Amino acid sequence: METTTFSPQVQAALNFSDHLIETTPTAANPLQTMRDFYRRMAIMAGNPASVYKIEDQSINTPDGGLAVRIYRPSAEPNLPVILYFHGGWFFMGDLESHDPLLRNLASKTAAVVIAVDYRLAPEHPYPAAVNDGTAALQWVVSHAGDLNVDATRIAIAGDSAGGALATIVARRTVQGNGPRHSNGPRLLLQVLIYPVTDSALNTPSWEEFAEGPVIHKNNAAQAWAMYVPDPSDRTNPNAAPLYANDFTGIAPALIIAAECDPLRDEVIAYAQALKDAGIQVRDSLYPGMPHGFFQLGGFIDDARSAMEEVAAALKNAFSK
């Protein structure tokens, strides 16, 4: 198989990521080592924007406390809100791993961004993360007054595994098993950044990029086994959203794919499934980009361009 040649910017980012891997202290638990490395990657997003107010809270859910981080870009009341789910293959990521990225998102959209520290596999397998996501959206709606946000202007977003959670929560919301089906919320947009959508790992792009960069097929199989231990659940659309057969009422979407990403084909397939269901979709394929590039704004121009595209789509949705 031919080795992919990346641009100097992408290669520099990949090299720095390798450096972070090599210099991350080894923990007793290998999973903790990977989580520590992923958290260290936050610096690759570039210089974080100044944000008016950042607040950590613990919210009550049917399954216990759930941590969220609230980024408020200004003192202006009744701002729109973006509920964001971080990536990390369902077993990595937290409020720190995406902190610089979400500071920038709040600044560029002039919206309140709420990051969700959902429970991770394997300690908390499916459907824990989905339940946390649904509960977080319900909390935003029911506490809009306390949060001083506009409950009629809510968007949902996420990257990679977080993109899967975002679109699953968006679909559950309108199909009666999410927050208040008949009374709202009406999500204005879902922003899905190279979302995980299919558990099969059998597309041409998974074969083309089975050895990476960034994610490898063997590691992805292990991640699915940790997240969804029962193989029969891996075709449940609340685990792998491409298996859904009803998208009635789901929010319009901006879907971003990366050309040199093993997830590329399942991302494109999901965008097509939404289009086939009559959902308004804007889909963008970034040439020469690997999985995870959205988090690499400190190295890659296209990462900053993708952030601008995301911010513009959100601002447009909130202005309607």
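Residues numbered from 1 in each chain as written. Predicted model: local features only at pLDDT ≥ 70, side-chain atom pairs only at ≥ 80, totals over all residues. Heavy atoms only, no water.

**Student:** Honestly, the overall build of the protein in this entry has me stumped. Any pointers?
**Tutor:** Assigned secondary structure in the protein consists of 10 helices and eight strands. Taking the principal axes of the C-alpha coordinates as reference, the protein spans close to 55 × 45 × 40 Å. Split into buried and exposed, the 320 residues of the protein put 57% on the buried side. Contacts in the protein between residues far apart in sequence, at least 24 positions, make up 76% of those at least 6 positions apart. As displayed, the protein has an accessible area near 13000 Å², and 50% of this comes from carbon and sulfur atoms. Across the protein, the centroid of the 22 positively charged side chains sits 7 Å from that of the 34 negatively charged ones. (Helix = DSSP H or I, 4+ residues; strand = E, 2+ residues; numbered from the N terminus. Buried < 20%, exposed > 50% of the residue type's maximum accessible area, 1.4 Å probe, protein only. Contact = heavy atoms within 4.5 Å. Areas by Shrake-Rupley, 256 points an atom, 1.4 Å probe, with all protein chains shown as cover. Lys, Arg positive; Asp, Glu negative; His and termini not counted. Charge placed at Lys NZ, Arg CZ, Asp CG, Glu CD.)

**Student:** Would you mind showing me how to read the pattern of salt bridges here?
**Tutor:** When their charged atoms lie close together, side chains carrying opposite charge are able to pair. Applying the stated criterion to the full structure yields 17 salt bridges. With its nearest N and O atoms 3.0 Å apart, the salt bridge here joins R119 to D132. You can see R119 sitting in the loop between β4 (112-116) and α4 (128-142) and its partner D132 sitting in helix α4, a full 13 residues away along the chain. What makes R119 partly exposed here is its relative accessible area of 23%. (Salt bridge = Lys/Arg side-chain N within 4 Å of Asp/Glu carboxyl O.)

**Student:** I'm lost on the packing of helix α3 (residues 99-109) against helix α10 (residues 301-319) in this one. Help?
**Tutor:** Relative placement of two packed helices is described by the angle separating their axes and the distance separating the axes. Put simply, α3 and α10 touch, their axes get as near as 9 Å, and they point 45° apart. Put simply, α3 runs oblique to α10. At the point where α3 passes α10, the crossing takes the right-handed sense. Residues L101, N104, L105, K108 and T109 of α3 form the contact with α10, whose participating residues are M307, E308, V310, A311, L314 and K315. (Axes fitted to C-alpha atoms, helices over the stretch in contact; angles between N-to-C directions. Parallel < 35°, antiparallel > 145°, perpendicular 65-115°, else oblique. Left-handed = near helix turned anticlockwise from the far one by under 90°.)

**Student:** Explanation requested: the nonpolar core in the structure shown.
**Tutor:** Soluble, globular proteins show a tendency: their nonpolar side chains are buried together. Ranked by size, the top nonpolar core spans 114 residues in total, and within it W89, I114 and Y227 carry the most contacts. Sort the elements by how many residues they give to this core and α10 lands first, with eight residues. With residues up to four places along the chain from it excluded, the contact list for W89 reads A161, V196, W206, I215, A220, A223 and W224. (Core = buried A, V, L, I, M, F, W, Y, C linked by side-chain atoms within 4.5 Å.)

**Student:** Mind showing me how you'd approach the side chain of S97 here?
**Tutor:** For S97, the location among the structural elements is in the loop between β3 (79-85) and α3. On the accessibility criterion, S97 (4% relative accessible area) is buried. Separated by 2.9 Å, the side chains of S97 and H98 make a polar contact. Apart from residues no more than four positions distant in its own chain, S97 is found in contact with Y38, R39, A42, H86 and Q295. (Polar contact = N/O pair within 3.5 Å; in protein donor to acceptor, adjacent residues only side chain to side chain.)

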